[in-house]
Amino acid sequence: MPTVDTPDNLWILKPAGLSRGLGIKILWKLDALKRQYDHTEKFADDPVIDTRVNYIAQRYIKTPRLLDDRKSEIRVYWLIASLNPLKVFLYREGTVRLNSEAFRLAAFDNTLIHVTNVYQQKRHPEYDPSTRLKWSFAELQTYLSAERGLAGPDFIEAKLKPQVKRRLAFVVRATIDSLRQTPARGLCFGLYGADMMLDEDLCLWLTGMQKGPGLSFEDPVKNRVIPEMLREAVRIVLEVQQRRRSGSTLDELESVKGFEWVINGN
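Now for a description of the structure that goes with this document. (Residues numbered from 1 in each chain as written. Predicted model: local features only at pLDDT ≥ 70, side-chain atom pairs only at ≥ 80, totals over all residues. Heavy atoms only, no water.)

**Things to note about the overall build of the protein**
1) Next: The number of helices and strands found in the protein is eight helices and ten strands.
2) Next: Per-residue burial over the protein gives 49% buried out of 266 residues.
3) Next: The long-range share in the protein, meaning contacts at least 24 apart out of those at least 6 apart in sequence, stands at 61%.
4) Next: Of the roughly 14,500 Å² of accessible surface on the protein, 52% is carried by carbon and sulfur atoms. (Helix = DSSP H or I, 4+ residues; strand = E, 2+ residues; numbered from the N terminus. Buried < 20%, exposed > 50% of the residue type's maximum accessible area, 1.4 Å probe, protein only. Contact = heavy atoms within 4.5 Å. Areas by Shrake-Rupley, 256 points an atom, 1.4 Å probe, with all protein chains shown as cover.)

Set out below in structure tokens:
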């Protein structure tokens, strides 16, 4: 891992366990960060970060696929309905979140440019309430298809969703041992969120997981996604539990309509 203290070596630090984009910092001063953790230098007036907090460090994606010149992030919703056998689903619809200001590799403390979170955007003193911060998957498809033929007419279904499913499957299989530390009867489930970002080559990068994704639906985009997603998630989980109690298999679930298989273990 390079540790050169130059703006070309960008990292994004996210406090573990927080949400709404709170405490996120973008930095390249890794030497100063190391000295602070080693307690060899005092930062009483302007500390690099709060060393009492655990952070997740990620490479900053310097070439994101811009939408209307703005940085964006994709939020998807996914469900673990059973751990044994492993049954994992992705909901067919998600949301696309956009920043307020045009993207540039500068002004790294400006959340309107760099932190793709609606809460952070709206609380900024220079936020323009007329700016649209959410797109649907259909709007993303239309934009990418129209932008110099960047993506085909079936990009969401043929390209995006397969990438999403591969990344979710990787995460589940990498954490399966800890996930299976559950009550013996195994009657448990998890509804999660995941944030991902497209780069300029339309490669998808996982940027975050949410154990408790925001499920409010006051805006029109989320209103078309959240209520029906929640209703179907409940129907799937109840069907899984009923089938377990009756001794039936979980190979085919009648409740699955808007969710799609990520892992269908047996």
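Back to the text.
**Here's the deal with helix 8 (residues 226-246)**
1) Next: The end-to-end C-alpha distance of helix 8 is 30 Å, a good match for the 30 Å that 21 residues give at a rise of 1.5 Å each.
2) Next: When helix 8 is considered as a whole, its buried residues turn out to be Ile-226, Pro-227, Met-229, Glu-232, Ala-233, Ile-236, Val-237, Glu-239, Val-240, Gln-241 and Arg-243.
3) Next: Remark: Gly-247 follows helix 8 within two positions and exhibits a positive phi of approximately 80°. (Expected span 1.5 Å × (residues − 1).)

**Observations concerning the sheet that holds strand 2 (residues 25-27)**
1) Next: Strand order in the open sheet formed by three strands is 2-1-3, with antiparallel pairing between adjacent strands. Looking at which strands have only one partner, the edges of the open sheet turn out to be strand 2 and strand 3 (55-59). Each strand of the sheet is rotated relative to its neighbour by a mean of 25°, with strand direction disregarded.
2) Next: Two strands pair when backbone bridges link them, and strand 1 (residues 11-15) and strand 2 are joined in this way by three bridges, in the antiparallel orientation. Looking at the pairing, Leu-13 lines up with Lys-25 of strand 2. (Pairing = 2+ DSSP bridges. Axes fitted to C-alpha atoms, helices over the stretch in contact; angles between N-to-C directions.)

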